[in-house]
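# Descriptive structure summary
Listed below are the residues making up each chain.
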Amino acid sequence: MANNSASDKPKGTAKRGFAAMDEATQRAIASKGGQAAHQKGTAHEFDSEEARRAGQKGGEAVSRDREHMAAIGRKGGESRQSAARAAAEKNGTRSSVGSEQSSKGGNKQ
């Protein structure tokens, strides 16, 4: 049997076609495709119910990552605390978030 050097050669990972184009060119071509679909009337448009379901699905997926959710909560808590401190400084009072909670009825013993 003859050796076929073309088939022995491993397939390369060089990008070809659309993937080889720079991002700006890809976006321009994709934009033209989207505009053409809208003009033709075949473009998909989300209604509010479909958009709601898509957002819910994404929210469920991201909430499975407990570490990510903990980071979000921590960031929100820090933001709330810094906002409370800034408001207290602006009013000239020295208040902490803990005393704010106790005045609202939180942390009763």
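A quick note: this is a predicted structure, and the numbers were derived from the prediction, not measured.

What follows covers the overall build of the protein. A count of helical and extended segments in the protein gives 5 helices and 0 strands. Starting at the N terminus, the α and β elements of the protein follow one another as α-α-α-α-α. Counting across all 109 residues of the protein, residues that qualify as buried make up 2%. As presented, the protein carries roughly 10,000 Å² of accessible surface, and 51% of it is formed by carbon and sulfur atoms.

This part covers the environment of Arg52. Locating Arg52 in the fold gives a position in helix α3 (residues 48–63). Take Arg52: its relative accessible area is 45%, and that puts it in the partly exposed class. Of note is the side chain of Arg52, whose polar atom sits 2.8 Å from the side chain of Glu49.

Looking now at helix α2 (residues 23–40). With 18 residues, α2 ought to run about 26 Å at 1.5 Å a step, and its terminal C-alpha atoms sit 26 Å apart, in line with that. Looking at the residues trailing α2, positive phi occurs at Gly41, about 90 degrees.

This paragraph deals with a nonpolar patch on the surface. A contiguous nonpolar patch, built from Phe18, Met21 and Ile29 and spanning about 250 Å² of accessible area, is present on the exposed surface. Relative to the helices and strands, Met21 resides in the loop between α1 (5–8) and α2.

All told, the structure shown has 3 salt bridges when counted by the stated rule. Between Arg27 and Glu23 there is a salt bridge, and its shortest N-O distance comes to 3.3 Å. With Arg27 and Glu23 both in helix α2 and 4 residues apart, the pair spans about one turn of that helix. The exposed category is assigned to Arg27, whose relative accessible area is 58%. The class for Glu23 is exposed, based on a relative accessible area of 52%. Among the salt bridges present, the one from Arg52 reaches Glu49, with a minimum N-O distance of 2.8 Å. With a gap of 3 residues between them, Arg52 and Glu49 both fall in helix α3, about one helical turn apart. Among the charged side chains, a network of salt bridges with common partners joins Glu49, Arg52 and Arg53.

Definitions and cut-offs
- Residues numbered from 1 in each chain as written.
- Predicted model: local features only at pLDDT ≥ 70, side-chain atom pairs only at ≥ 80, totals over all residues.
- Heavy atoms only, no water.
- Helix = DSSP H or I, 4+ residues; strand = E, 2+ residues; numbered from the N terminus.
- Buried < 20%, exposed > 50% of the residue type's maximum accessible area, 1.4 Å probe, protein only.
- Areas by Shrake-Rupley, 256 points an atom, 1.4 Å probe, with all protein chains shown as cover.
- Polar contact = N/O pair within 3.5 Å; in protein donor to acceptor, adjacent residues only side chain to side chain.
- Expected span 1.5 Å × (residues − 1).
- Patch = residues over 30% accessible without salt bridge, like charges linked within 9 Å, V, L, I, M, F, W, Y side chains within 5 Å.
- Salt bridge = Lys/Arg side-chain N within 4 Å of Asp/Glu carboxyl O.

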